[in-house]
Amino acid sequence: MRTDPPQALVRPTRPFRGTAAFLWTEVLVQAHESLAMATAMVTQTVLLVFVYILNPGLIGVALIGATLFSSFALGQRVLNEAAYIRIDHKANDLYLAGPMSPEGYFLGMATGILVVYIAPIALLGTLAVVVGHLNVVTSLLLVGLAGLVWLFAASIGYIFSTFFRDNRAIWAYASLFFNVFGVLPPVFYPFGYFPPALQPVALLMPPSAAAALLQSRIGVTALSTGQVELAAVGLVVETLVVFVLAVFWARRTVRGP
Amino acid sequence: MSDDPLRSVDLRKTYFTKGTPPVEALAGVTMSVRSGERVALLGRNGAGKTTFLKIASTLLRPTSGQIEVFGHDVSTHPDRARPYIAVVPQEGKPFFHLGPREMIYTYLRARGLSRETSKARTEEAIERMNLTEFADRLCITLSGGQRQRTMVATVIATQAPLLFLDEPTIGMDPFARREVWASLRDLTTKGSTILLTTHYLDEAEALSHRLYIVERGRVLVSGTADDLKRSVGGTLKVSLPEGAPQAETFRSFGETVVDGPSLTIIVHPERLGELMELALARSLTATVGPVTLEEAFLRVVGRNIDED
Ligand SMILES: Nc1ncnc2c1ncn2[C@@H]1O[C@H](COP(=O)(O)OP(=O)(O)OP(=O)(O)O)[C@@H](O)[C@H]1O
Ligand SMILES: [Mg+2]
């Protein structure tokens, strides 16, 4: 009996091959970290308590902000995870020197982390809907915007992860980036409180852009048509650009310089 | 070039790091691995083995030279080479929060194998590498050698056409190492090709059809283990534990090495009788054994170090 040599059976790698499998891998891996899941909610909860003490009337805004911030903060998890498994486990070498696609590795990891952390985010979102009496369209908008913010953050997180050679450096920088861009701009508080000179900047940063759009829908913030367009177009374009960049970067960084 | 699983011509790699002088890790490596072969790369720490494996497995860009996997140029089209390969990275670890069974299965799925194939190959690899007892325990609870076995099992289960294994048996007990050898032999009879590195020279000898000894980024010698052993000028080694003071007397028989009070002589079998008679006449006790690959390695590399 003559059998084909193994190389005769090789098929070229398809784009995004392995995404679902790596998603599942990541779910299994992350599901063991129940403590991490709890700590993931600490910043949001603290800020919600602050806002409630200072002005209970703003708790609806803060809950929307907490939902968006939580989606944004998942980018930090992607950064940590991608760097950790590359540096400590040599997972890049194991997975990417093979037929799995690099973009499947990145997207599978990002969605796996999303799946594991979705429950607390959904809880915050539900609270935002209930407490703020959000109608169906606004609720769907919240979901859509949170999704964009997540994709943006996960893409940035993956790209950043490739720059680290040592896990110790990451802990410091990752939380800095995600806390500064997620907490400082008007995500948890009304857009109007932000210095007017800096407002265009806030409209160009995904978490605060999404928050401003939702705040304007529920009437907490008055945005001009131009501002709405800037926030909406900016968010969509930035997310797409960063996602495409992350796919490109994932492919490119399989191989070291 | 050709459709050999692996071919490199004058492959060079220099690492540039800011603030330190450049490191020439590969200084022109030309080699090839034929279909179904098991080839070992041997060399001291820092010789360039991992660098070569990383370039060949599309994980590192060469500085210059050519390298092909099944006829695909790895430098220009790494994506075309990737579907053919699988890698056990040096110091790789399985995911701590998966068990060996989950690790192997999800890895095969990520490589695009079907559920059925992945399932069957996972069970086969678990059995083969004796992981059954702890296949469902989290890897974080496994011993170092058990983790390494999981890594090797994961990669072996791919049955990829070309496997790169960087110190695959490090930290394994002698039984586990033999299981790895058997699995690798099996894979090559099924048509896969293997390039591995190891510091265990008995392993290199037991496992590989051919060896390359590299030193400072260059191939010093290549050939079978027997070729290599012959190249040191004899296939037998006579040890005289008290022979050092009389080293001069024995010099004519072959290469001699003095180590403290003891003397070792490498001889051809036809001169053994004569040598033993002389030892007896001098009331020296002597033990005879075959020259090992380790001795050949020490001499080949040692000579090269002396020359520099
Ligand atoms: N990222 C790097 N930057 C700079 N120099 C490097 C880098 N990686 C390896 N080197 C150097 O290149 C040379 C070859 O290293 P390599 O890892 O290929 O050796 P090796 O033969 O695999 O050694 P070992 O047996 O210790 O694993 C060494 O001198 C090493 O210090
Ligand atoms: Mg090495």
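Residues numbered from 1 in each chain as written. Chains lettered and ligands numbered in written order. Predicted model: local features only at pLDDT ≥ 70, side-chain atom pairs only at ≥ 80, totals over all residues. Heavy atoms only, no water.

**Points about the packing of aromatic side chains**
All names here are of chain A. For the structure shown, the criterion picks out 19 aromatic pairs over all chains. With centroids separated by 4.8 Å and ring planes inclined at 35 degrees, the aromatic side chains of Phe22 and Tyr105 adopt a geometry described as tilted. With Phe22 in helix α1 (residues 19-30) and Tyr105 in helix α6 (residues 102-131), this pair connects stretches of sequence that are 83 residues apart. Given a relative accessible area of 1%, Tyr105 falls into the buried group. Between the aromatic rings of Phe106 and Tyr158, the centroid separation amounts to 5.1 Å while the plane-to-plane angle is 45 degrees, which identifies the pairing as tilted. (Phe/Tyr/Trp six-rings, centres within 6.5 Å; stacked < 30°, edge-to-face > 60°. Helix = DSSP H or I, 4+ residues; strand = E, 2+ residues; numbered from the N terminus. Buried < 20%, exposed > 50% of the residue type's maximum accessible area, 1.4 Å probe, protein only.)

**Here we look at the domain arrangement of chain B**
Segmentation of chain B into domains returns domain 1 (6-223) and domain 2 (233-290). The C-alpha centroid of domain 2 of chain B is placed 40 Å from the C-alpha centroid of domain 1 of chain B. (Domains from an automatic or database assignment.)

**Overview of the packing of helix α7 (residues 136-161) of chain A against helix α11 (residues 225-252) of chain A**
Residues and elements named next belong to chain A. Interaxial distance between α7 and α11 falls to 8 Å at its minimum, and their mutual angle equals 35 degrees. Handedness of the crossing formed by α7 with α11: left-handed. In this structure, α7 contributes Leu145, Leu148, Val149, Leu151, Phe152, Ser155, Ile156, Tyr158 and Ile159 to the contact, and α11 contributes Leu235, Val236, Glu238, Thr239, Val242, Phe243, Leu245, Ala246, Trp249 and Ala250. The residue makeup of the contact of α7 with α11, split by class, is 16 nonpolar, 2 polar and 1 charged. (Axes fitted to C-alpha atoms, helices over the stretch in contact; angles between N-to-C directions. Left-handed = near helix turned anticlockwise from the far one by under 90°. Contact = heavy atoms within 4.5 Å. Nonpolar A, V, L, I, M, F, W, Y, C, P; charged D, E, K, R; others polar.)

**Regarding the coordination of the magnesium ion (ligand 2)**
Around a metal, the perfect tetrahedron of four donors has angles of 109.5 degrees, and the perfect octahedron of six donors has angles of 90 or 180 degrees. Residue and element names in this part refer to chain B. The magnesium ion (ligand 2) binds to the protein through Thr50 (OG1) and Gln90 (OE1), with metal-donor distances spanning 1.9 to 2.2 Å. Of this pair, Thr50 sits in helix α1 (residues 49-56) while Gln90 sits in the loop between β6 (85-88) and α3 (100-110), and the two are 40 residues apart along the sequence. Since its relative accessible area comes to 27%, Gln90 is described here as partly exposed. (Donors = N, O, S within 2.8 Å, 3.2 Å for Na, K, Ca; no water.)

**A short note on the site of ligand 1**
All names here are of chain B. Taken together, 15 residues form the shell around ligand 1, and within it Gly46, Lys49, Thr50, Thr51 and His199 come nearest. Between ligand 1 and Asn45, the relevant distance is 3.0 Å, taken from an oxygen atom to a side-chain nitrogen or oxygen of the residue. Gly46 places a main-chain nitrogen or oxygen 2.8 Å from an oxygen atom of ligand 1. Every element with two or more residues in the shell around ligand 1 is listed here: β2 (23-33) and α1. With 3 residues, α1 is the largest single contributor of residues to the shell around ligand 1. Residues of the shell around ligand 1, tallied by class, amount to 4 nonpolar, 8 polar and 3 charged. (Near = heavy atom within 4 Å. Polar contact = N/O pair within 3.5 Å; in protein donor to acceptor, adjacent residues only side chain to side chain.)

**A look at α1 of chain A**
In this model, α1 of chain A (12 residues) spans 16 Å end to end at C-alpha, consistent with the 16 Å of a helix rising 1.5 Å per residue. α1 of chain A sits mainly inside the fold: 9 of its 12 residues count as buried. Next to the buried residues of α1 of chain A lie α2 (34-39), α4 (59-87), α5 (91-96) and α6 of chain A together with α3 of chain B. (Expected span 1.5 Å × (residues − 1).)

**With respect to the sheet that holds strand β5 (residues 72-73) of chain B**
Residue and element names in this part refer to chain B. Strand order across the open sheet formed by 4 strands is β2-β1-β4-β5, with antiparallel pairing between neighbours. The sheet is open, and its two borders are formed by β2 and β5, each paired with just one other strand. Alignment of strand β4 (residues 64-69) against β5, held across 2 bridges, turns out to be antiparallel. Paired with Glu68 across the two strands is Asp73, which belongs to β5. On top of the sheet, α1 reaches β1 (6-15), β2 and β4; it is set at about 120 degrees to β1, its chief contact. (Pairing = 2+ DSSP bridges.)

**Here's the deal with the environment of Ala225 of chain B**
When you line up the elements, Ala225 of chain B lands in helix α8 (residues 225-230). Spatially, the C-alpha atom of Ala225 of chain B lies 6.8 Å from that of Leu211 of chain B, the residues being 14 residues apart in sequence.

**Digging into the pairing of β4 of chain B**
Remember that side chains alternate between the two faces of the sheet whenever the strand is regular. Residue and element names in this part refer to chain B. Examined bridge by bridge, β1 and β4 share 5 bridges and lie antiparallel to one another. Its bridge partner being in β4, Leu6 is matched across the sheet by Val69. Hairpin remark: β4 followed by β5, antiparallel, with 2 residues in the connecting loop; positive phi at Phe70, about 50 degrees.

**A few points about the packing of α4 of chain A against α7 of chain A**
Residues and elements named next belong to chain A. Between α4 and α7, the least distance of the axes is 8 Å, while the angle of their chain directions is 25 degrees. By the angle between their axes, α4 is roughly parallel relative to α7. Crossing of α4 over α7 shows right-handed handedness. Where α4 approaches α7, its residues Ile64, Thr67, Leu68, Ser71, Phe72, Leu74, Gly75, Val78, Leu79, Ala82, Ala83 and Arg86 are matched on the opposing element by Leu142, Leu145, Ala146, Val149, Trp150, Phe152, Ala153, Ala154, Gly157, Tyr158, Phe160 and Ser161. Here the residues of the contact of α4 with α7 are counted per class, giving 18 nonpolar, 5 polar and 1 charged. (Parallel < 35°, antiparallel > 145°, perpendicular 65-115°, else oblique.)

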